[in-house]
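Below are the chains, spelled out letter by letter.
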Amino acid sequence: MKMKTLFALMAMLTVCSQVRAENRDYTNQEPLKLVTPSIDMKLDMKAAYTYRPELELPMAPLLSGSQKYQLTWMRTNSDVKPYQVMDDLTFAGVPLFLAGIIAKSEKKSFRQNTKLNRHTLVTDFKTEIDNYTQFFGPVLSTGLKIAGVEGRSDWGRYLASTGMSYGFMALFVNSIKYTAKEMRPDGSTRNSWPSGHTATAFVGATVLHKEYGLTRSPWYSVAGYGVATATGVMRVLNNRHWVSDVLSGAGIGIMSGELGYALSDLIFKGKGLLRGDAVSERSIIYHPSFFSISMGLGLGSRNLDFGVETNDAHDNFNLKFGASTAVSAEGAYFFNKYIGFGGRLRVNSSPIKGWDRVLDFADQDVKEMFAGLSSDADLSSLNDIVFNTPDKRPEFNIESDHLTEFAADLGLYFNLPLSKRFALGAKLVAGRSIMQELNLSARYQGRVKEVDLFSDNMFVDAGKTYDTKWDYFTLSANNSNKWGTGISLTYAYKENYAWRLFIDYDMSRKTYTLEYNPAQFMKSAMPSFFDFLDFLDEAYQSDPTDMELKEAAEAAAEARANLVPLTTHVKKNRHTFVIGGSLTISF
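Conventions and cut-offs
- Residues numbered from 1 in each chain as written.
- Predicted model: local features only at pLDDT ≥ 70, side-chain atom pairs only at ≥ 80, totals over all residues.
- Heavy atoms only, no water.
- Helix = DSSP H or I, 4+ residues; strand = E, 2+ residues; numbered from the N terminus.
- Buried < 20%, exposed > 50% of the residue type's maximum accessible area, 1.4 Å probe, protein only.
- Contact = heavy atoms within 4.5 Å.
- Areas by Shrake-Rupley, 256 points an atom, 1.4 Å probe, with all protein chains shown as cover.
- Pairing = 2+ DSSP bridges.
- Core = buried A, V, L, I, M, F, W, Y, C linked by side-chain atoms within 4.5 Å.
- Phe/Tyr/Trp six-rings, centres within 6.5 Å; stacked < 30°, edge-to-face > 60°.
- Lys NZ or Arg CZ within 6 Å of the ring centre and 35° of its normal.
- Axes fitted to C-alpha atoms, helices over the stretch in contact; angles between N-to-C directions.
- Parallel < 35°, antiparallel > 145°, perpendicular 65-115°, else oblique.
- Nonpolar A, V, L, I, M, F, W, Y, C, P; charged D, E, K, R; others polar.
- Salt bridge = Lys/Arg side-chain N within 4 Å of Asp/Glu carboxyl O.
- Expected span 1.5 Å × (residues − 1).
- Arc of directions from axis to C-beta.

## Notes on the overall build of the protein chain
Next up, step 1: A tally of regular secondary structure across the protein chain gives 13 helices and 13 strands.
Next up, step 2: The buried share of the protein chain, reckoned over its 587 residues, is 46%.
Next up, step 3: Here the analysis covers contacts within the protein chain between residues at least 6 apart in sequence; of these, 80% occur between residues at least 24 apart.
Next up, step 4: Accessible area of the protein chain: about 31,400 Å², with a carbon and sulfur share of 60%.

Okay, here's the thing in structure tokens:
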């Protein structure tokens, strides 16, 4: 304790000596004084304001820009120019609807016998996604509005425009459906044309296009019309609609959306408008990177002559095809305003003209089979090998009446600006062509027969029935490489949007295969007969010197030859010209 006190005193002395040494020349300096401020204590009873703006919590960082959103009914931004009626009418739906009418006439080549008949572009394709994707457009546009993303219209005008659009669509679709009474391809109901799902999808896509595609980003339009196109394709693949139904449905959807918004322009004038069309200096003419959805009419190779005679028919078998329906999605990125690189996905479906002729071959086979069984007493036991009663007769179902090509291409794209609104385009592409087979299936029912060498008729009833289905006619083609070119004329009706007319040419080398198989049912109707043929072959192999076995083996070989499918191949160049139009969006 003493040591601590000593150290403290030494420290104080050192400091004092330093201060004294520094101030030894200032002996006349005034001493320091401590001034204590006076504090006047007072109680202020004045009431505070109820609302203190300076204490308000700033919400902008928390709302991340959505502070602009207000739940209003008919709010109007004064700087938005009112739309005119013709601003919302592009008439893009008219050619689609007319294309559906043209394609509709091709169904005359399709003969529908029973409700079991099926017509599919992709066999056994089943999905229910199209029941939900039809609502993609309104769900996304309404969701964006709820989230506070400002679109073209305030809530009042938006709901009115959307409601009128769907009202026009429902009126057009149902009026035509229940007047035309077109049978669906699956034979279920007579309300096929036009497609309601497709019309619903495209009117929703048009609403999304008007509200956000034109005012904020063209990618909203790409998403809306892309999903709508996929919905229409799935309706065909699900065997619920013809291609013509989808084309007309798409046209009605687009027209209905444009009419709904045009009527809003007349009713509300400038009220309820929040945003005008986005103005871009990047014109699609001079910045031609694009995405497009197109439809067209395909012309080109129209017939296939296999140069063979079908069993029991004295006429060369050949197929003739009508004009095809082509649907495609295409896009390209341009390095400058002249040249770019891109690709295209296309479905090209060609209907058969005179498909009844194929059915006539099958019907003729059946008639001659029954005639042969009735005229030969030795085959009288086989009269019921195939039932021919009103409720159990041979059925022929068309699995597909279109020869369909799926193609994917990549290549160079070219652009030549002509003016601020027009440009010429060209392309040179190469890719892969995949063909969907076309077939006619048969269904036979009858009594199963067994071989009995000790019976007078050789064939006896097995005491059971069979029910079998198989491909009676099948036409297929190999997958092959392809190349193509094309020219186009682009009209930019807005900076980011354009209509494009095009003519495309594609060529590929195909090997077509025809398989005609009228006797496949015999394997189900007479299984023991094939076992008997195998027995004769084995017996002859064991004793090749036996002449009777040799004759029996030769007869067995001839019988097998009459039961195998008739297959023939034709190599041919496939030339396709597609003339059409597309909605093109610049990115």
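Further notes follow.
## Focus on the pairing of strand β10 (residues 459-477)
Next up, step 1: As defined by bridge partners, strand β9 (residues 438-451) adjoins β10 across 13 bridges and the pair is classed as antiparallel. Bridge pairing links Ser 441 to Asp 471 in β10.
Next up, step 2: In this structure, β10 lies alongside strand β12 (residues 497-516), joined through five bridges in antiparallel fashion. By the bridge assignment, Ala 477 is partnered in β12 with Tyr 512.

## Digging into the environment of Asp 534
Next up, step 1: Take Asp 534: it is sitting in helix α12 (residues 527-542).
Next up, step 2: Accessibility expressed as a relative area gives 34% for Asp 534, which makes it partly exposed.
Next up, step 3: A C-alpha to C-alpha distance of 8.3 Å links Asp 534 and Ala 556, two positions 22 residues apart in sequence.

## A few points about unusual backbone geometry
Next up, step 1: Following Trp 193, the chain continues into Pro 194 via a peptide bond in cis, with omega recorded as -5 degrees.
Next up, step 2: As for its position among the elements, Pro 194 is in the loop between α6 (155-180) and α7 (196-213).
Next up, step 3: Phi is positive for Lys 181, which is not a glycine, with a value near 55 degrees.

## Things to note about the nonpolar core
Next up, step 1: Formed by 48 residues in total, the largest nonpolar core has its most connected members in Phe 396, Tyr 444, Tyr 472, Leu 475 and Phe 521.
Next up, step 2: Counting residues per element, this core draws most heavily on helix α10 (residues 355-375), at eight residues.
Next up, step 3: Each residue touching Leu 475, except ones within four places of it in the same chain, is listed here: Leu 304, Phe 306, Leu 319, Phe 321, Leu 403, Glu 437, Leu 438, Tyr 512 and Thr 513.

## Remarks on the packing of aromatic side chains
Next up, step 1: Following the criterion strictly, the structure yields 21 aromatic pairs and no others.
Next up, step 2: Note on Phe 290 and Tyr 413: the rings are 6.0 Å apart at their centroids and 65 degrees apart in plane angle, and the pair reads as edge-to-face. Taken together, the residues Phe 290 in strand β1 (residues 290-300) and Tyr 413 in strand β7 (residues 402-417) connect sequence positions 123 residues apart.
Next up, step 3: Their ring planes at 85 degrees and their centres at 6.4 Å tell us that Phe 396 and Tyr 444 sit as a pair that is edge-to-face. Taken together, the residues Phe 396 in strand β6 (residues 395-398) and Tyr 444 in strand β9 connect sequence positions 48 residues apart. Like Tyr 444, Phe 396 is buried.
Next up, step 4: When the ring centre of Trp 155 is taken as reference, the NZ or CZ atom of Lys 145 above it lies at 5.6 Å.
Next up, step 5: Note that Arg 152 overlies the ring of Tyr 83, its terminal NZ or CZ placed 3.6 Å from the centroid.

## Some remarks on the packing of α7 against helix α8 (residues 218-237)
Next up, step 1: Where α7 contacts α8, the two axes come as close as 8 Å, and the packing angle between them is 175 degrees. What the angle tells us is that α7 and α8 run roughly antiparallel. In this structure, α7 contributes His 197, Thr 198, Ala 201, Phe 202, Ala 205, Thr 206, Leu 208, His 209, Tyr 212 and Gly 213 to the contact, and α8 contributes Pro 218, Tyr 220, Ser 221, Gly 224, Tyr 225, Ala 228, Thr 229, Thr 231, Gly 232 and Arg 235.
Next up, step 2: Partitioned by chemical class, the residues of the contact of α7 with α8 number nine nonpolar, 10 polar and one charged.

## A short note on the side chain of Thr 468
Next up, step 1: Within the fold, Thr 468 resides in strand β10.
Next up, step 2: The buried category is assigned to Thr 468, whose relative accessible area is 15%.
Next up, step 3: Look past the residues within four positions of Thr 468 in its chain and what remains in contact with it is Ala 442, Arg 443, Tyr 444, Phe 521 and Ser 524.

## Remarks on the pattern of salt bridges
Next up, step 1: The final tally for this structure, using the stated rule, is 21 salt bridges.
Next up, step 2: Arg 75 serves as the salt-bridge partner of Glu 150, at 3.5 Å between the closest nitrogen and oxygen. With Glu 150 in the loop between α5 (136-146) and α6 and Arg 75 in the loop between α2 (60-63) and α3 (93-104), the pair connects residues that are 75 residues apart, well separated along the chain.
Next up, step 3: Arg 344 is the partner of Asp 409 in a salt bridge, and the nearest nitrogen-oxygen pair spans 3.0 Å. Taken together, the residues Asp 409 in strand β7 and Arg 344 in strand β5 (residues 339-353) connect sequence positions 65 residues apart.
Next up, step 4: One network of salt bridges, with partners in common, ties together Glu 330, Arg 344, Arg 346, Asp 409, Lys 427, Lys 482, Asp 504 and Asp 506.

## Comments concerning helix α13 (residues 547-563)
Owing to its 3.6 residues per turn, the α-helix brings residues three or four apart onto one side.
Next up, step 1: With 17 residues, α13 extends 25 Å between its outermost C-alpha atoms, agreeing within 8% with the 24 Å of an ideal straight helix rising 1.5 Å per residue.
Next up, step 2: Each element contacted by the buried residues of α13 is listed here: α11 (522-525) and α12.

## Some details on α5
Next up, step 1: Gly 137, Pro 138, Ser 141, Leu 144 and Lys 145 are the residues of α5 that are buried. An end-on view of α5 places all buried positions within 135 degrees of arc, on one side of the element. Of the exposed residues in α5, those oriented more than 90 degrees away from the buried face are Val 139 and Ile 146.
Next up, step 2: The secondary structure elements touched by the buried residues of α5 are α6, α7 and α8.
Next up, step 3: Of the residues one or two after α5, Gly 148 is the one with positive phi, at around 90 degrees.

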